[in-house]
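Chains, contacts and geometry: an overview
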Amino acid sequence: MKRKDSVRYLKGIGEKRAELFQKLGVSTLEDLLYHLPRGYEDRTDVRDVSGLVEGESVCVRVSLAGGIRSFRARTGARVIQSTMTDGTGVMYVTWFNAPYVEKKLRNSDEFILFGKVSMRGRTPEMINPVMEGAERAGNITGKIIPIYPCTAGLNQRQIREAVQHALVSLTEPLPEILPEFVRNSYGLMALSEAMEQVHMPDSFASFEEARRRLAFEEFFVMQTGIALAGKERKKGSAIPFADVKCIKEFAEQLPFDLTHAQKRVINEISSDLLKDTPMNRLVQGDVGCGKTVVAAAVMFAAVQSGLQAAMMAPTEILAKQHYETLTRLFAPWNIRVVLLTGGQKAAEKKETLSALKDGSAHIVVGTHALITDKVEFFRLGLAITDEQHRFGVRQRTMLSEKSEKIHTLVMTATPIPRTLSLILYGDLDISLIDELPKGRKKIKTVAVDEEKREAVNQFLLSQIAEGRQVYFVCPLIEESEVIEANAEEEYLKTLKQGVLKHVTAAALHGRMKPSEKNVVMQQFLKGEIQALVSTTVIEVGVDVPNASVMVIENAERFGLSQLHQLRGRVGRGEWQSYCILFCASGGTFARQRMAVMCETDDGFKIAEKDLELRGPGEFLGTRQHGLPEMRIGDLMTDMHLLKEAQTAAAALLQEDAKLSAIAYQPLKAKVEESFAKLGGILN
Ligand code: ADP
Ligand code: MG
């Protein structure tokens, strides 16, 4: 069989089972082989019965020490009980509802058992262990057994068998992605060998080698992709700004003083803008630190220098909000700001497009529409991407490709550790806004359980009575948008029958049309709605200073950084603000995480904690940073390997910038495939 053949044609897999595999993202043999174990069971570890310790999963080699007892328990379960020994000690072995065992026990004298040890008094016991007659052991015991991610209806044994069949049925090798010189210089095994050793390791040492090879491959593909995406940006020149001193004039018109951090960052950006080498700068700053006005200041300089500026935001709501903020901020000058979103009416869009082309519009704010639609500029000099972690690697460079000579600024509130940012954004300069505007009161955060519901409700009503507004974030459901929307309606209904009975409330969710979302957001902004019930669509950027309370249901299910972003929707005005985390789980892990939220409001510290508690896989998920999902490589613990892969990728592109050599075609295809979901990376 060939690697692109459907698993449907593997021995033992019918249509039904093929569908189940589909659920795991597996449709071809190649997919199946890349469906890697999430762990292993060490069934090679044969222990003495006398030394067994409670809780360990180990093998023993034993024979029956007495008869077999078979009876029906009061619960109705069939129980088979035996006593076994290896000469060093005696143990109990018990099976529930396993009628086939009796025959097996009669057929051999000696057995290999693999199972978890429990203690009955001082005697060790295994319940429902895996068992083989010692003479034919090696199929299921005496080996390192892979444990795969599975799904309902598809068990470990079925996946294992499918993988075994795939390994032997494949008549053509998987294409080798790593160039030979790379494999040689980093001592990496061939792909076919790695595949075998990762699914059926001979030893833990050979598994480690296989894992190293596959992780390297993953990093190498990622780094090659990032380097290719970055290429466009690096070359060429940019139009130096004629005037940045004018920013002073802009700042004087603001209703507040800029913070020191804002001023410093504006200066850092300005000195880039005066040069004819393109700026590639990342502004990091916690939620609420005032990134928008920094962006506005430098866009002002663009306009005063006779250039246009574009700003891209990840959601329509945020784009609209920025559009309004900028229109307001630039009102004292003759600066025309326009909006471009997918949800706009055709006529409006047409008007915007022609104004950008003929130069009568100076600034455009928009969503993805800015890069997907045929937008042409008169003289674009500056591209800004807000909440850049919401965009794919490719998407964030596309805006900058709208003009040849352009400066690029990206902004984010999601901090990542320094070492990682060097690798992920190696060619970006970083500016930090590490100060919040004066007078911000710390958001009071509490984690509560259902018992406190009534007290919370009373508190919410008192805040609303004082004229404040509140957010409710729905219980998080990950399954599908439809379920999510239903769950949200249910939630709103419950609230309306209870605490929100006499309060005007509306809902906002991902499935609403942009225009519908806008209407709701506008009403909330104007104070016509007192409570906004929402899924996480409000997570990014929304700015309603009068809102003072955020209630988050099932808070334990969110990442800490995400909770921090959500919480950042309140505490934006002069009011004391509150964040109430309803937490259904009383487990230590959940408690620990909630405690972090209650104790600190420093986004960087929270991100670090989040990373520490959840591990980098989830923390740096695809969504966060627009990178292909890492299935094997660990962005934290494999840092060294990641660096090697980065060096190797750079060396390769030095030699063949477009990967045009025949030998590199499998790599090129893999890079394209990996980044495809993120909007593609190559032309
Ligand atoms: P973020 O960095 O999260 O994007 P925003 O740009 O939305 O934050 O700013 C949050 C709020 O703080 C806005 O209402 C903005 O007008 C206000 N703001 C920004 N800078 C200052 C400042 N220097 N002093 C007072 N308020 C400010
Ligand atoms: Mg913002």
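See the structure printed just above.
All of these numbers come straight from a predicted model, not from anything done at the bench.

**Here we look at the overall build of the protein**
Along the protein, the regular secondary structure elements total 25 helices and 22 strands. A burial count over the protein gives 52% of its 683 residues as buried. Partitioning the contacts of the protein with sequence separation of at least 6, the portion at a separation of at least 24 is 72%. Accessible surface, the protein as shown: approximately 31,400 Å² in total, 50% of it carbon and sulfur.

**So, the pattern of salt bridges**
Evaluation of the coordinates by the stated rule reveals 26 salt bridges. The partner of R120 in a salt bridge is E125, and the shortest N-O contact between them spans 3.0 Å. Among the salt bridges present, the one from R157 reaches E161, with a minimum N-O distance of 3.4 Å. Here E161 and R157 lie together in helix α4 (residues 156-169), a separation of four residues that amounts to about one turn.

**Notes on empty space enclosed by the protein**
Picture a little ball the size of a water molecule; that probe, rolled over the atoms, points out where space is still empty. Counted by the stated rule, this structure contains three cavities of 30 Å³ or more. Estimates place the volume of the largest cavity at around 80 Å³. For the largest cavity, the full set of lining residues is I317, K320, Q321, E324, N518, M521, Q522, L525 and D543. For the lining of the largest cavity, the secondary structure elements donating two or more residues are α11 (316-329) and α18 (514-526). Shared between two domains, the lining of the largest cavity holds at least three residues of each, these being domain 4 (246-433) and domain 5 (444-614).

**Brief notes about the environment of K291**
Among the secondary structure elements, K291 is positioned in helix α10 (residues 291-304). Note: C-alpha distance between K291 and T412 (121 residues apart in sequence) is 8.6 Å. A polar side-chain atom of K291 sits 3.5 Å from the main-chain carbonyl oxygen of D286.

**A short note on the nonpolar core**
By size, the foremost hydrophobic cluster in this structure holds 56 residues, and its most contacted members are F21, L32, F216 and F220. Secondary-structure elements contributing two or more residues to this core are α1 (15-23), α2 (29-33), α4, α6 (191-199), α7 (204-234), α24 (639-655) and α25 (665-676). Sorting elements by how many residues they give to this core places α7 first, with 11 residues. Summarising the domain contributions, this core has at least three residues from each of domain 1 (1-40 + 145-172) and domain 3 (179-235 + 658-683). In this view, F21 contacts V7, I13, V26, L32, L154, Q158, I159 and A162; residues no more than four positions away in its chain are not counted. Counting 47 residues, the second-largest nonpolar core is a separate cluster that includes V298, M299, F300 and M411.

**Points about the site of ligand 1**
Taken together, 17 residues are adjacent to ligand 1, and D257, G288, T292, R440 and D543 come closest. A distance of 2.8 Å separates a nitrogen atom of ligand 1 from a polar backbone atom of D257. A distance of 3.1 Å separates an oxygen atom of ligand 1 from a polar atom in the backbone of G290. Bound to the protein, ligand 1 loses 85% of the 570 Å² it would expose on its own. Looking at side-chain class alone, the shell around ligand 1 contains six nonpolar, five polar and six charged residues.

**Regarding the sheet that holds strand β21 (residues 547-552)**
Taken in spatial order, the six strands of this open sheet run β17-β22-β21-β18-β20-β19, and their pairing is parallel. Strands with a single pairing partner mark the edges of an open sheet, and in this sheet they are β17 (444-448) and β19 (505-508). Recorded for the sheet is a direction-independent mean angle of 15° between the axes of neighbouring strands. Strand direction decides the pairing type here: strand β18 (residues 469-473) and strand β20 (residues 531-534), joined by four bridges, are parallel. Bridge assignment links F472 to a residue of β20, and that residue is V533. Running over the sheet, α18 touches β18, β19, β20 and β21 and is turned about 140° from β19. Here helix α19 (residues 560-567) sits on the sheet and contacts β17, β18, β21 and β22 (578-582); the angle it forms with β21, its principal contact strand, is near 150°.

**Notes on α4**
Given a rise of 1.5 Å per residue, 14 residues ought to cover 20 Å, and the 20 Å separating the end C-alpha atoms of α4 matches this to within 8%. Buried residues belonging to α4 abut α1, α2, β9 (144-147) and α6. The distance from a side-chain oxygen at the start of α4 to the backbone nitrogen of R157 is 3.1 Å, and the residue carrying that oxygen is N155.

**A short note on the packing of aromatic side chains**
Each aromatic ring pair is specified by the distance between its two centres and by the angle formed by the two planes. Here the structure, examined in full by the defined rule, presents 11 aromatic pairs. For the ring pair F300 and F330, a centre distance of 6.1 Å and an interplane angle of 20° mean the geometry is stacked. On the criterion of sequence distance, the pair formed by F300 in helix α10 and F330 in the loop between α11 and β12 (337-340) is long-range, its members being 30 residues apart. Accessibility expressed as a relative area gives 0% for F300, which makes it buried. In textbook terms, an aromatic cluster arises when at least three aromatic residues are bridged by ring pairs, as seen for F250, F300, F330 and W333. The ring centre of Y92 lies 4.0 Å from the NZ or CZ of R120, which sits over that ring. Across from the ring centre of Y34, 4.2 Å away, lies the NZ or CZ of K670, which sits over that ring.

**Looking at the packing of α11 against α18**
Think of two packed helices as two axes; the pair is described by the angle between the axes and how far apart they sit. Between α11 and α18, the least distance of the axes is 9 Å, while the angle of their chain directions is 50°. Here α11 lies oblique to α18, going by the angle between them. The two elements α11 and α18 cross, and the hand of that crossing is right-handed. When α11 is examined against α18, the residues E316, I317, K320 and E324 are found in contact with a partner set consisting of P514, K517, N518, M521, Q522 and L525. Class assignment for the residues of the contact of α11 with α18 results in four nonpolar, two polar and four charged.

What counts and how
Residues numbered from 1 in each chain as written. Chains lettered and ligands numbered in written order. Predicted model: local features only at pLDDT ≥ 70, side-chain atom pairs only at ≥ 80, totals over all residues. Heavy atoms only, no water. Helix = DSSP H or I, 4+ residues; strand = E, 2+ residues; numbered from the N terminus. Buried < 20%, exposed > 50% of the residue type's maximum accessible area, 1.4 Å probe, protein only. Contact = heavy atoms within 4.5 Å. Areas by Shrake-Rupley, 256 points an atom, 1.4 Å probe, with all protein chains shown as cover. Salt bridge = Lys/Arg side-chain N within 4 Å of Asp/Glu carboxyl O. 1 Å grid on protein atoms, 1.4 Å probe; cavity = no way out; pocket = protein on both sides within 12 Å on 5 of 7 lines; lining within 4 Å. Points joined across faces, edges and corners; volume = space filled by probe spheres on them. Domains from an automatic or database assignment. Polar contact = N/O pair within 3.5 Å; in protein donor to acceptor, adjacent residues only side chain to side chain. Core = buried A, V, L, I, M, F, W, Y, C linked by side-chain atoms within 4.5 Å. Near = heavy atom within 4 Å. Nonpolar A, V, L, I, M, F, W, Y, C, P; charged D, E, K, R; others polar. Pairing = 2+ DSSP bridges. Axes fitted to C-alpha atoms, helices over the stretch in contact; angles between N-to-C directions. Expected span 1.5 Å × (residues − 1). Phe/Tyr/Trp six-rings, centres within 6.5 Å; stacked < 30°, edge-to-face > 60°. Lys NZ or Arg CZ within 6 Å of the ring centre and 35° of its normal. Parallel < 35°, antiparallel > 145°, perpendicular 65-115°, else oblique. Left-handed = near helix turned anticlockwise from the far one by under 90°.

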